[in-house]
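Residue-level structural notes
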Amino acid sequence: MTTRRYTALIAGSTGAVGSALARELAGRAEWEVYGLARRPPASPAHAGAVVPGVIGAAADMADRDGLRRAMEPLDDVTHLFYCGRATHAEQVIEDSAANLALLDNVVTATEKAAAGLRHVHLVQGGKYYGVHVGPIPTPADESQPQAPIDNFNYDQQDYLSSRASTAQWTWSASRPNTLVHFSPAIARNLVSTLGAWAAICRELGAALDFPGPQGAYDSLTQLTTIELLARAIAWMATEPTCANEAFNVTNTDLFRWHALWPRLAEAFGMPLGPVRPLRLAEVMASRGELWRQMCARHGLVQPDLDRVANWGYADATLERTWDEILSHNKARRLGFHDWDDSLTRFFTVLDRYRRARILPD
């Protein structure tokens, strides 16, 4: 019989990263897991987000007093995993003050409830290096200085570093790049969004155009499989040499969109189109009724296109004409050697969406 050694609190447990981390930790005998979210996982908004073995706690991270009350019974938490994010629109600089306030609320409430708190993990991303605003030095490594831009990741990491200096806990941070995942309740998803784009183009009798600029089609980028990220986070939180450090986490390989696009066209049995820069958020805004008709004809289960595809997210991802390469050497050096094949994983996840009848064959 294995004795539980750690108790996790996952703040933002119904999000893509939070739910993947919940599945990973709940499957390990040494972990007990609490999942904190504004709405309970069993609600229609998060259908499919229930993870067996995870104990749910409902609270709004923006409500400092309500969060404190919800946290009071969770006095055995040893590890806090912060997977939250302030509400934001795509392609904008995110609100640093709002994001910092959420993190502070969660850390303060956890410290107050759990005297045995040992570690706080912060999920960041490639935006730490400014991939969302322009070209970055590549390969980006964790020792690079902060850029002179407004970046909530800087404020949150500086906050944890300062607070940990007088606390009994340590911190770590993960920096994945664009995530690949099967999350039926989350439209901000590269695979389901591009799959919906391909399916609609096919329905219209069109070829599969690449809707970004030529420079983006040819640039080098990286993906991060969400299950790999969850394993990396679990490693960081329990490996002593990771204390008070940040780590890039990618699948470690590189690809160009021009390598994925012909395979995506083939997967939908349609011709490959040219590079044709478009704003998907604009051109797809009127396709809701067409999607409903497609769902009825193909037996798909989600007739609301906005719950399958996030066009603003696709626009922001496919418009980058610069390389996005994050060095994985630091994690390797300290013992994390996991990896994945990005192109293979993309189409494996695409097949899951099709089998689930969210995307058509």
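We now turn to the structure provided with this report. (Residues numbered from 1 in each chain as written. Predicted model: local features only at pLDDT ≥ 70, side-chain atom pairs only at ≥ 80, totals over all residues. Heavy atoms only, no water.)

In this section: the overall build of the chain. Within the chain one finds 13 helices and 13 strands. Expected size for 361 residues packed as a compact globule is a radius of gyration near 21 Å; at 20 Å, the chain falls within 12% of this value. Every one of the 361 residues in the chain was classed for burial, and the buried ones make up 54%. A sequence separation of at least 24 residues applies to 81% of the contacts in the chain between residues at least 6 apart. Element-wise, carbon and sulfur atoms account for 51% of the exposed surface of the chain, whose accessible area totals about 15000 Å². Separation between the mean location of the 35 positive side-chain charges and that of the 40 negative ones in the chain comes to 4 Å. (Helix = DSSP H or I, 4+ residues; strand = E, 2+ residues; numbered from the N terminus. Rg over C-alpha atoms; globule rule 2.2 N^0.38 Å. Buried < 20%, exposed > 50% of the residue type's maximum accessible area, 1.4 Å probe, protein only. Contact = heavy atoms within 4.5 Å. Areas by Shrake-Rupley, 256 points an atom, 1.4 Å probe, with all protein chains shown as cover. Lys, Arg positive; Asp, Glu negative; His and termini not counted. Charge placed at Lys NZ, Arg CZ, Asp CG, Glu CD.)

For the rest of this paragraph, the subject is helix α3 (residues 96-113). Between its first and last C-alpha atoms α3 spans 26 Å; for 18 residues at 1.5 Å apiece the expected length is 26 Å, and the two agree. Every buried residue of α3 is listed here: S96, N99, L102, L103, D104, N105, V106, V107, A109, T110 and A113. In this fold, the buried residues of α3 make contact with β1 (6-11), α2 (64-71), β4 (79-82), β5 (119-123) and α4 (152-164). Where α3 starts, the residue carrying a side-chain oxygen 3.0 Å from the main-chain nitrogen of A97 turns out to be D95. (Expected span 1.5 Å × (residues − 1). Polar contact = N/O pair within 3.5 Å; in protein donor to acceptor, adjacent residues only side chain to side chain.)

Right, let's talk about the pattern of salt bridges for a bit. Any two side chains of opposite charge can pair, so long as their charged atoms come close to each other. Tallied over the entire structure, the rule returns 16 salt bridges. For the salt bridge of R28 with E24, the shortest nitrogen-to-oxygen distance reads 2.7 Å. R163 is the salt-bridge partner of E111, the closest N and O atoms lying 2.6 Å from each other. Taken together, the residues E111 in helix α3 and R163 in helix α4 connect sequence positions 52 residues apart. A relative accessible area of 21% places R163 in the partly exposed class. (Salt bridge = Lys/Arg side-chain N within 4 Å of Asp/Glu carboxyl O.)

What follows deals with the packing of helix α8 (residues 257-267) against helix α13 (residues 342-355). Between α8 and α13, the least distance of the axes is 11 Å, while the angle of their chain directions is 25 degrees. Judged by the inter-axis angle, α8 sits roughly parallel to α13. The handedness of the crossing between α8 and α13 comes out as right-handed. Contact residues: α8 offers A259, L260, R263, L264 and A267, while α13 offers L343, F346, F347, L350 and R354. (Axes fitted to C-alpha atoms, helices over the stretch in contact; angles between N-to-C directions. Parallel < 35°, antiparallel > 145°, perpendicular 65-115°, else oblique. Left-handed = near helix turned anticlockwise from the far one by under 90°.)

With that settled, consider the sheet that holds strand β6 (residues 170-176). The strand order β3-β2-β1-β4-β5-β6-β11 describes an open sheet built from 7 strands, whose pairing is parallel. With one partner strand each, in any of the chains shown, β3 (54-58) and β11 (245-249) form the two edges of the open sheet. Taking each pair of neighbouring strands and ignoring which way they run, the sheet shows an average axis angle of 20 degrees. On top of the sheet, helix α1 (residues 16-26) reaches β1, β2 (31-37), β3, β4 and β5; it is set at about 165 degrees to β1, its chief contact. Strands in contact with α4 are β4, β5, β6 and β11; relative to β6, the strand with the most contacts, it is inclined by about 160 degrees. (Pairing = 2+ DSSP bridges.)

As a further point, take the pairing of β2. Counting buried positions along β2 gives 6 out of 7 residues, so the element sits mostly inside the fold. Judged from the 6 bridges that link them, β1 and β2 form a sheet pairing that is parallel. Each bridged residue has a counterpart across the sheet, and for A11 the counterpart in β2 is L36. The parallel pair β1 and β2 is bridged by α1, and the resulting crossover is right-handed. Relative to β3, β2 runs parallel, the two sharing 5 bridges. Considered in β3, the bridge of V33 is made with V54. (Right-handed = clockwise from strand over helix to strand, strands pointing away.)

For the rest of this paragraph, the subject is the packing of aromatic side chains. In total, this model carries 11 aromatic pairs according to the counting rule given. An angle of 40 degrees between the planes, with centres 4.7 Å apart, marks the rings of F210 and Y217 as tilted. Both rings, one in F210 and one in W261, keep their centres 5.0 Å apart while their planes meet at 85 degrees; by these two values the pair is edge-to-face. With F210 in strand β8 (residues 208-210) and W261 in helix α8, this residue pair connects regions lying 51 residues apart in the sequence. Accessibility classification places F210 together with W261 in one group, the buried group. Taken together, the ring pairs in this structure connect Y6, W31 and F81 into an aromatic cluster. Above the face of the Y128 ring, R175 is positioned so that its terminal group lies 3.4 Å from the ring centre. Between the NZ or CZ atom of K330 and the centre of the ring of F247, over which it lies, the distance is 4.9 Å. (Phe/Tyr/Trp six-rings, centres within 6.5 Å; stacked < 30°, edge-to-face > 60°. Lys NZ or Arg CZ within 6 Å of the ring centre and 35° of its normal.)

Core analysis: the biggest nonpolar cluster contains 46 residues, and W257, L260, W261, L264, W291 and W311 have the highest contact counts within it. Among the elements of the structure, α5 (190-203), β8, α6 (214-218), α8, α10 (288-298), α11 (311-318) and α13 are those that each provide at least two residues to this core. Setting aside residues no more than four positions away along its own chain, L264 makes contact with L194, A198, L208, F346, F347 and L350. Ranked by size, the runner-up nonpolar core spans 32 residues in total, among them Y6, A22, I226 and A331. (Core = buried A, V, L, I, M, F, W, Y, C linked by side-chain atoms within 4.5 Å.)

One pass over the structure, following the stated rule, counts 0 disulfides. There is no disulfide at C83, and the cysteine sulfur nearest it, in C242, is 17 Å away. Judged by its relative accessible area of 16%, C83 falls in the buried class. (Disulfide = S-S within 2.5 Å.)

The analysis is restricted to geometry; functional conclusions fall outside its scope.
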